[in-house]
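# Notes for the structure review
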Amino acid sequence: MNSATVRVPAKINLALGVGARRDDGFHPLATVYQAIDLCDEVHVSARDDDQITVTVAREIDQPEGPQIPLDGTNLAVRAVALLRERMGRPDLGLDLAIRKVIPVAGGMAGGSADAAGALVGANAVWSAGWTRDELTELAAEIGSDVPFLLHGGTAMGAGRGEVISPVLARGTFHWVCVTMPYGLSTAEVFAEFDRLRPDAPEPKVPAELLQALAAGDPVALGQALSNDLTEAAVSIRHGLRSLQHYGHTLGALGAVISGSGPTMLLLAESHEHALDLMAGMAALDTIADVLHAIGPVQGAHLV
Ligand code: C5P
């Protein structure tokens, strides 16, 4: 195989429990991830030399969004460079062409998704033959969310988010993703969390959330959604608080910031309800876009 295309989903956090900063600078997390069908595509083609290049076509409306690095600091480039190193094949090279749909710095792990997609694609075009579990171990070195984006579905994340275990979830959930014209830096939101909550206790996943997922009950899920980074994100971007209230006012089953923000997630009862919520949100001029997405969906996979 000379080239391959990988589809890789965005992640949302249905619960994001955060504890006090560890000595290594990361925070202990107790989170429930869900992969949703807002997908980036990573096209991977083998090269004859040892260069690794990346290009990005942005398909999203994000006027104040941050630039995506196109050098060795790009997460997808770092991921395949690490794979090549561990394969003991520094002679291998490839071109990555990313079609970007997941908001940049939106709290939906867009950069990590591209890293996961690039790993799956490089594994195929370089005929590395690594198993999913082997790729997952490497993924954890790239970023806390990367293992989940290989896994997909609905899963618990422990450690700094990289220790994944499956969660029983019935049915399909309808989400409205309200994206912002700007991004938020994950590191900055965690630093604000440290300022606001230096003594945060060990985080736990709420039992009600797991029960709601097992029952496939969107009303109970809406009530159980939680995110310990909310205060920190709102402290940096005050408008997020009123946006969350507005989502509730419109009749969303739940409204929660995705990860470190700023994307706001509204849970809907059905596709029709999602369309109603989208119409209500679209009237706001402070937002960038409203997107419908369903979850759970599978993780990074070849198409
Ligand atoms: O793991 P990843 O590189 O995606 O994390 C980005 C940044 O988010 C880290 O540099 C760190 O500042 C913060 N982070 C954290 N605790 C976690 C995960 C991420 O403090 N569990």
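In short, a report on the structure. None of these values were measured; they are calculated from a predicted model. (Residues numbered from 1 in each chain as written. Predicted model: local features only at pLDDT ≥ 70, side-chain atom pairs only at ≥ 80, totals over all residues. Heavy atoms only, no water.)

### Observations concerning the pairing of strand 2 (residues 29-47)
In this structure, strand 1 (residues 3-18) lies alongside strand 2, joined through 15 bridges in antiparallel fashion. Bridge assignment links Ile12 to a residue of strand 2, and that residue is Gln34. With four bridges connecting them, strand 2 and strand 5 (residues 154-158) associate as antiparallel partners. Across the sheet, residue Tyr33 finds its bridge partner in strand 5, namely Ala155. Inspection of the sheet shows strand 2 paired to strand 4 (residues 93-100) by seven bridges, in the antiparallel sense. Residue pairing for strand 4: Ala46 is matched across the bridge by Leu94. (Pairing = 2+ DSSP bridges. Helix = DSSP H or I, 4+ residues; strand = E, 2+ residues; numbered from the N terminus.)

### Some words on the layout of surface pockets
The volume enclosed by the largest pocket comes to roughly 1,100 Å³. Lining the largest pocket are 45 residues, with Leu75, Ala109, Ser112, Asp145 and Thr186 positioned closest to its centre. Secondary structure elements with two or more residues in the lining of the largest pocket: strand 1, strand 2, helix 1 (75-87), strand 4, helix 2 (110-125) and helix 5 (186-196). Taken together, the residues of the lining of the largest pocket break down into 20 nonpolar, 17 polar and eight charged. (1 Å grid on protein atoms, 1.4 Å probe; cavity = no way out; pocket = protein on both sides within 12 Å on 5 of 7 lines; lining within 4 Å. Points joined across faces, edges and corners; volume = space filled by probe spheres on them. Nonpolar A, V, L, I, M, F, W, Y, C, P; charged D, E, K, R; others polar.)

### Describing the site of the ligand
In the vicinity of the ligand, the contacting residues are Gly25, Phe26, His27, Leu29, Gly143, Ser144, Arg160, Thr186, Ala187 and Phe190. A distance of 2.6 Å separates an oxygen atom of the ligand from a polar side-chain atom of Ser144. At a separation of 2.9 Å, a nitrogen atom of the ligand approaches a polar backbone atom of Arg160. When atom positions are compared with the pocket grids, the ligand is found to occupy the largest pocket. Per-element tally for the shell around the ligand: the top contributor is helix 5, with three residues. Of the residues that constitute the shell around the ligand, the class distribution is four nonpolar, five polar and one charged. (Near = heavy atom within 4 Å. Polar contact = N/O pair within 3.5 Å; in protein donor to acceptor, adjacent residues only side chain to side chain. Sits in = over half its atoms within 2 Å of the grid points.)

### Observations concerning the packing of aromatic side chains
For the coordinates displayed, the defined rule picks out one aromatic pair. Seen from their ring centres, Tyr33 and Phe148 are 4.5 Å apart, and the 10° between their planes marks the pair as stacked. With Tyr33 in strand 2 and Phe148 in helix 4 (residues 146-151), this residue pair connects regions lying 115 residues apart in the sequence. Each member of the pair, Tyr33 as well as Phe148, carries the same accessibility label: buried. (Phe/Tyr/Trp six-rings, centres within 6.5 Å; stacked < 30°, edge-to-face > 60°. Buried < 20%, exposed > 50% of the residue type's maximum accessible area, 1.4 Å probe, protein only.)

### Topic: the side chain of Asn13
Note on placement: Asn13 falls in strand 1. Using a relative accessible area of 3% as the deciding quantity, one classes Asn13 as buried. A polar atom in the side chain of Asn13 sits 2.5 Å from the side chain of Lys11. Of the polar contacts made by the side chain of Asn13, one reaches the backbone nitrogen of Gly259; its length is 3.5 Å.

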